[in-house]
Structure formats: structure tokens, C-alpha cells
Amino acid sequence: MKKINLLDDKFVWNGKVLNEQIKDLNCDTEPTVSKSGGCLVRFVTNSRKMKIQFEIVKRQNGNFPHIGITAQEGIAILYKKRDTKKWYHVDCMDARNGGGSVEIDMNKYLYSEQDTEIMICMPILAYISLLEVYVEKESFVYSVKKNESKSILFIGGIHTYGVGVTSSAMMFTNILARKYDFEIYNVAFNTYNVTKKIAQHIEKCIKEIDNLKAIFIEADYIKQEEDIFLQYFCQLLNKLKDLNCPIYMWNLDRERIKKYKNTIKCEKISRDIYILETKKYLICDEDMCMYSKNFINDTGNVVLYRLFAKILDKI
Amino acid sequence: MILEMLCFIVFSLKYLIKYKHRRESVINMEYLKNVDDKLKCIDENLFEFVDLMEHPELVFGTPNIVGNNVDFSKYSYETDKEILNYNESVKREYESLRKASSGCQIRFKSDSNLILFKIELRRKWDYRKLTLWSSSGFDVYTVKESGEYIHKTVFAPKTGENIFAEIIQINSEEQICIYLPQYNEIKAMKIGILKGKKIESFKYANLLPIIFYGNSITQGASASRSGNSFVNIVSRRMNCGILNFSTSSCCKGLLSVADTIGKINCSAIVIDYTRNAWDWKEFEASYDTFYKSIRAYHKNEPIILLTVSNFNQWKGYFPYDDVVKRTYKNAIQRKENTFLINQRSVFNEEEYDLVTIDGVHYTDLGMYIIAEKICEILGDFYDSI
């Protein structure tokens with residue numbers, strides 16, 4: 001078998017550079033944006049047997065009864081036949097003793113000699129320090145060409161971060177990444193006063209991303225004071241006013257939508273800003289989609305994927 | 001009495017003011033070294049406790065009542081012995097999960113506005129492929145007179161803890177149903193109600209339970225919280241009790257389990273025995289015999305057979321489906337009340353990656369859709385007789 005390092009830039013999708021920047025910025029507490037959270041690794045191979053090995057560092061401690069251990073510290077692996085669209089799960093695993101390994105035998109799934117594309121979703125509460133694949137000696141491994149002409153930015157709070165998923169493959173940004181031929185950027189904060197953080201970081205995000213076709217902003221108002229939220233919300237809108245792409249605000253209920261629409265009028269920001277009433281879709285199937293009024297689960301992420309997909313279909 | 005009332009008012013106000021911004025009814029969780037330890041944050045003198053293990057009338061979903069005590073073990077001594085024929089990983093899983101409270105519920109109503117739980121679980125740690133709110137979660141619903149279930153809250157101890165106290169707020173005389181942990185065992189549980197108040201059970205409208213026999217999926221993986229496994233969703237939709245004889249890795253079509261299931265009066269049986277068989281030969285040798293053993297006891301009850309939960313095209317499991325389908329066809333030819341759910345056909349292949357977290361274990365979406373199928377079949381059956 002030969003070993004390939006998968007933490008090479010050519011294999012990594014979704015803003016490894018962005019996360020590096022955010023990690024270095026001054027924060028009141030230790031940065032809560034994981035280097036790995038929302039990141040993907042993709043490669044194509046003709047190897048029928050492979051072994052994926054990983055290690056984690058700086059695993060965030062805390063009480064997360066609503067995030068699967070697999071999502072907190074492990075990886076999720078999917079495959080598809082090259083040049084097809086249907087993705088299938090291989091497995092997902094946690095990181096007992098700081099890491100793990102999994103052996104994959106593609107003979108279980110494939111009838112004939114076929115190249116496969118592998119996608120590995122990273123943990124959301126830990127940093128990946130090592131990610132390698134061992135493949136058959138005579139086989140090839142190459143990176144998947146990124147579609148640099150279309151980028152989408154998702155920036156926000158707990159839902160964008162992945163809070164509520166059992167496996168990181170179920171994060172709605174990761175679902176969108178495997179269903180669409182875009183580069184999907186995920187920049188998220190699991191902390192207080194999220195809008196302040198978003199307003200502070202959005203400019204750097206926009207500078208780094210080429211060909212931005214849309215921005216989705218999670219208006220996470222749960223863990224913040226209302227007046228701070230509105231103050232930074234206006235600041236945020238101001239920074240976005242010269243952008244040439246539509247902006248979608250989501251995670252709001254009716255009352256807040258009215259409030260924020262009025263705010264937009266006051267600032268006289270003439271922009272393509274759309275407010276998505278995502279909450280009503282989640283609350284329709286609350287028992288299936290949510291743990292409580294504040295936290296969505298895997299299926300809540302599927303509902304969000306379906307809502308955002310309707311917009312991405314038109315891009 | 002007046003002093004007690006004043007204490008209660010002050011106590012309640014203190015918590016209600018402190019936690020007024022919280023939407024959930026859960027107020028606080030305290031971790032203990034022993035379930036009998038005095039609490040630091042809550043004045044226990046305001047409560048009187050009921051030991052759940054001595055009140056089987058409050059517990060639904062466990063077939064074993066030993067004397068007047070609750071025993072969450074579902075399997076017979078014969079099954080304990082049969083499992084010894086299998087390999088170490090099966091034996092380990094069986095030992096760890098044979099008393100897991102998957103499919104069990106506590107149902108009560110009380111005129112106490114505050115309910116205090118003191119609980120000791122067996123396991124302290126997360127279970128792979130599950131959230132804590134699923135593996136160790138107590139999932140609380142209110143049940144209206146109409147039979148509608150409204151989700152109220154869910155709680156579980158944090159990683160590394162297994163003995164804890166939790167308090168919830170309810171409306172007086174509200175009917176409460178709590179789905180118990182799917183992948184953990186309750187070693188001790190005390191329910192505290194305010195002094196002078198009462199607690200009593202409330203039963204299901206439909207008396208005979210539905211029996212489930214399956215593997216890790218039927219045990220509840222990977223629903224996000226314990227109430228969202230498909231067995232519990234069926235229980236809510238049909239408003240009837242269930243008995244869940246499902247244990248991860250241990251679903252082997254054991255004749256001792258068929259015997260146990262056979263001797264229970266039930267309204268239906270759902271068999272999800274497939275992928276825990278070591279290989280196709282073992283499966284083919286046991287499946288039809290297992291089915292017929294149950295059918296010999298339950299001549300007329302509907303039995304639903306499930307094919308393999310296989311959503312990543314694992315070729316090795318396709319022959320298992322053939323075995324299930326053959327058993328189903330033969331049963332139909334004998335004019336038995338047997339039904340088939342082909343799990344892979346229930347979902348659109350484009351969305352296979354959305355209904356499970358790993359190609360096998362259902363998300364809540366998968367759980368809901370399978371539950372709907374089961375309810376549809378059983379609903380049609382009961383309407384037709």
C-alpha cells in the first residue's frame with residue numbers, strides 16, 4: 001500500500017484558509033471556529049481497498065448532548081461512482097484515543113472496475129492534525145477539480161456550525177456540498193453575540209472568496225442581547241452593500257422578520273436582501289426536525305438543505 | 001402547612017425568575033455520587049419520592065415484572081444461555097444492553113407542578129453514532145386527552161456522569177409520557193413530587209402492545225432523541241404500548257426469543273431480523289424457522305417483515321432480502337396475515353444519504369417514514385377486520 005497525505009490543499013474543500021484567518025483573530029476566549037468544522041476532503045481513486053487514518057487535537061470540551069460523538073470528534077466517509085451524482089455513506093466513526101482508522105473494501109459496493117470519489121467530512125469540535133489514506137500500490141489518487149466559478153458562503157451561528165447533527169455528513173452545508181457543483185464555504189461561530197463576530201469577520205471572508213454567487217446569513221438571535229444584535233446587524237448590512245450578489249437572511253420568526261425589515265429600511269440599504277422564513281418549515285415538522293425550539297437535528301438540516309437547494313437551483 | 005406553601009412559592013419564583021428566558025421546562029441538573037445524596041440546589045424537603053422500581057404501574061414496555069418490582073431485562077434465561085454460542089463481541093454487546101430501556105416509557109399524571117428525578121444510569125459515556133439525548137435521553141411529552149403528543153423537553157446527563165438529578169415543570173394534571181434511554185440501563189430512579197400531591201399512571205387507549213424484534217436500528221439508532229425511534233413513533237401514532245426486544249448486534253433469530261414473543265398477548269409483531277446474522281448461510285438457516293415459531297403462537301395477528309436496512313449498496317446483503325421475501329411469499333400462500341416492508345424501496349435512492357447517518361442507521365427522517373409505513377399497514381389491517 002502507498003500513503004497519501006489528504007491534508008494537502010488540493011484535497012481540502014471549504015475554506016481551510018478562512019478558518020486559519022479566523023483562528024488567528026483576536027477573540028475574547030479561545031476561538032470556537034474549528035479548523036475542521038464544515039471542511040471536506042475529496043479525492044478520486046481506482047483503488048478497491050483502502051485504509052483511512054486520522055488523528056485529532058484540541059478537542060473542545062463541554063456538554064454537547066445534542067451533537068453525536070461521531071460529529072464532535074470523528075469523521076464521516078461517503079463514496080460515489082465517478083461522474084455520477086448519487087452519494088452513499090460508507091461509515092462514520094469517533095476518535096477514541098485521539099484518532100481512528102477505517103478499512104474500506106469497495107468490492108462490497110461495486111460490481112465492476114470503477115473509479116470512485118471519496119468524500120470525508122471533518123469533525124466539528126476538534127482539529128484534524130493527521131488525515132492519510134493508504135491505497136493499493138498500483139492505483140492512483142487525484143484531487144477533484146473545484147468549480148471556482150461558483151462559490152456560496154454560509155456564515156452564521158449554531159446551525160451553520162453543525163450543532164444538532166449526529167454525524168458531520170448531516171450538516172446542511174455538507175449535504176449541499178455533495179449535491180451541488182459549487183464551492184460551499186462554511187464560516188460559523190458557536191458563541192455568544194454571534195452577529196458581532198459575523199460583522200467583524202465578513203469582510204475578510206468576502207476578500208478571500210472569488211466568484212461569490214450568494215451569501216446565506218444565519219440570523220442567530222438566541223445567544224445575544226437584542227440591542228447588540230441590531231447594532232451589528234446594521235453594521236453587517238453596511239459592509240455587504242457593495243457586494244454584487246444576493247444575500248439571504250434566515251433563521252428568523254415572523255416578529256423578527258418585521259423588525260429587521262424595518263431596520264433595513266432605516267439604513268436605506270438598497271440591496272438584494274432576502275429574508276427566508278425557515279422557521280415555519282422546521283416548526284411544521286417540529287417533532288421530526290427539532291430537539292427543542294432552539295436546536296435542530298439531522299432532519300432539521302435536511303429541511304434546510306431542501307430550502308436552500310431551491311435557491312441554488314436558480315444560480 | 002402555610003410555611004411549606006411559602007417555601008414552595010419562594011422556591012418556584014427563584015427558579016422561574018432565574019430561568020425565565022428559557023423556553024424548555026428543564027430548570028437545572030445536578031450531578032451526584034449516589035442517587036440518595038442530598039441535593040445542593042434543590043430543597044428536597046419539599047418533595048416526597050416514589051421509587052420507580054417499586055411502581056411497575058408507571059412503567060410501560062417491559063415484560064418483566066419480578067414480584068412487585070420493575071426489571072428492565074427483556075430476555076429469558078434461555079436467551080442468556082443461547083447467546084453464549086456466539087462470539088465475544090456479541091456477548092459483550094448483549095451483556096451491556098440486555099437491560100437497556102429502549103421502547104420503555106414512564107406514563108403518569110400528577111397535580112404536582114414540579115417533578116424531580118433522581119436517576120442512576122449504568123453507562124457514563126456517549127455511544128458511537130448516537131447523541132446523548134438518544135442513548136441516555138429521557139424524552140418528555142405531554143399527552144392531550146385527544147391522544148395528541150406534544151414534545152416538551154429532553155434531558156440526559158453530560159458525558160462522564162451517570163448519576164444526576166433533574167427537575168421539570170408541568171401543568172397540574174397534565175398527562176406525561178417519558179421515553180426512556182435507548183442505549184443505557186436505568187439502575188435506580190426516584191420520582192419526586194411536591195408533598196401532599198399525588199402521582200398516578202395513565203394507560204394506553206389500545207391495550208395490547210405491538211412487539212418489535214430487531215437490531216441496533218430497531219433499538220433506536222440513530223434517532224436524535226429517544227422518543228424518535230420508529231418503535232416509539234409507532235407507539236405515539238397508534239396510541240398503544242410496545243415491547244421492544246431489540247438489541248444491537250444480538251438479533252440472531254433465537255428460538256428462545258420467538259418463544260418469549262409467542263407467549264405474549266399482542267396486537268402485532270414487527271420483525272427486523274436481518275443484518276445481525278453473521279452471514280447469509282446463518283440467516284437462511286434461521287429466518288424462516290424463527291418466523292414460523294412465532295406464527296405458531298400468533299396464528300392471526302399481523303406480522304410485518306422488514307428487509308435489510310442497506311442504503312449504501314452493500315452487495316452482500318441483497319441475498320438476505322431474497323430470504324425475507326421468500327418467507328413472506330410462502331406465508332401469503334398459506335393465507336397468513338403477513339406483510340412486507342422493503343426498506344430500500346421506501347426511499348428515493350437520491351436521498352439514501354439523507355435518511356441514514358452511515359448507510360444503515362436511520363435519522364429521524366428515516367425513522368418517521370418507516371413508522372408511517374408500519375402504521376399504514378396496521379391501520380389498514382385493523383380497518384379491514
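Residues numbered from 1 in each chain as written. Chains lettered and ligands numbered in written order. Predicted model: local features only at pLDDT ≥ 70, side-chain atom pairs only at ≥ 80, totals over all residues. Heavy atoms only, no water.

**Quick notes on the sheet that holds strand β1 (residues 2–5) of chain A**
Residue and element names in this part refer to chain A.
Point 1. Read across the sheet, four strands follow the order β1-β9-β4-β7 without closing on themselves; strand pairing throughout is antiparallel. Each having just a single partner strand, β1 and β7 (99–105) make up the two edges of the open sheet. Taking each pair of neighbouring strands and ignoring which way they run, the sheet shows an average axis angle of 20°.
Point 2. Pairing of strand β4 (residues 49–57) with strand β9 (residues 127–135) involves eight bridges; the strand directions are antiparallel. Of the residues in β9, the one forming a bridge with Val57 is Tyr127. (Pairing = 2+ DSSP bridges. Helix = DSSP H or I, 4+ residues; strand = E, 2+ residues; numbered from the N terminus. Axes fitted to C-alpha atoms, helices over the stretch in contact; angles between N-to-C directions.)

**A short note on the side chain of Asp94 of chain A**
Point 1. Along the chain, Asp94 of chain A turns up in the loop between β6 (88–93) and β7.
Point 2. For Asp94 of chain A, a relative accessible area of 2% puts it in the buried group.
Point 3. Separated by 3.1 Å, the side chains of Asp94 of chain A and Arg96 of chain A make a polar contact.
Point 4. One polar contact links Asp94 of chain A to Arg128 of chain B, side chain to side chain, over a distance of 3.4 Å.
Point 5. Each residue touching Asp94 of chain A, except ones within four places of it in the same chain, is listed here: Phe54, Ile69, Thr70, Glu73, Gly74 and Gly99 of chain A together with Arg128 of chain B. (Buried < 20%, exposed > 50% of the residue type's maximum accessible area, 1.4 Å probe, protein only. Polar contact = N/O pair within 3.5 Å; in protein donor to acceptor, adjacent residues only side chain to side chain. Contact = heavy atoms within 4.5 Å.)

**Description of the interface of chain A and chain B**
Point 1. Taken residue by residue, the interface counts 44 residues in chain A and 40 residues in chain B.
Point 2. Counting the surface lost from both chain A and chain B, the interface buries some 3700 Å², and carbon and sulfur atoms represent 53% of this.
Point 3. If you sort the residues of chain A by the area they bury against chain B, His89, Asp287 and Tyr291 of chain A come out on top, with a joint share of 18%.
Point 4. The tally of links between chain A and chain B comes to nine salt bridges.
Point 5. With its nearest N and O atoms 2.6 Å apart, the salt bridge here joins Asp91 of chain A to Lys129 of chain B.
Point 6. Inspection of the chain A/chain B interface yields 29 residue pairs in polar contact (both at pLDDT 80 or more).
Point 7. Among the secondary structure elements, those contributing two or more residues to the side of chain A that touches chain B are α2 (69–73), β5 (75–81), β6, α4 (172–179), α9 (286–289) and α10 (298–312) of chain A.
Point 8. In terms of residue class, the side of chain A that touches chain B is built from 19 nonpolar, 13 polar and twelve charged. (Buried area = accessible area lost by both parts, 1.4 Å probe. Salt bridge = Lys/Arg side-chain N within 4 Å of Asp/Glu carboxyl O. Nonpolar A, V, L, I, M, F, W, Y, C, P; charged D, E, K, R; others polar.)

**Some thoughts on the environment of Gly300 of chain A**
All names here are of chain A.
Point 1. Checked against the element boundaries, Gly300 lands in helix α10.
Point 2. A sequence separation of 128 residues divides Gly300 from Phe172, and the C-alpha atoms of the two residues are 8.6 Å apart.
Point 3. Sequence-distant contacts of Gly300, that is, excluding residues within four places in its chain, are made with Leu282 and Cys289.

**A word on the packing of helix α8 (residues 280–297) of chain B against helix α9 (residues 318–333) of chain B**
All names here are of chain B.
Point 1. Across the interface, α8 lies against α9 with an axial gap of 10 Å and an inter-helix angle of 20°. Viewed along their axes, α8 and α9 adopt a mutual orientation that is roughly parallel. Relative to α9, α8 is oriented so that their crossing is right-handed. Of α9, the residues touching α8 (which contributes Trp280, Phe283, Glu284, Tyr287, Asp288 and Tyr291) are Pro319, Tyr320, Val323, Val324, Arg326, Thr327 and Ala331.
Point 2. Here the residues of the contact of α8 with α9 are counted per class, giving nine nonpolar, one polar and three charged. (Parallel < 35°, antiparallel > 145°, perpendicular 65-115°, else oblique. Left-handed = near helix turned anticlockwise from the far one by under 90°.)

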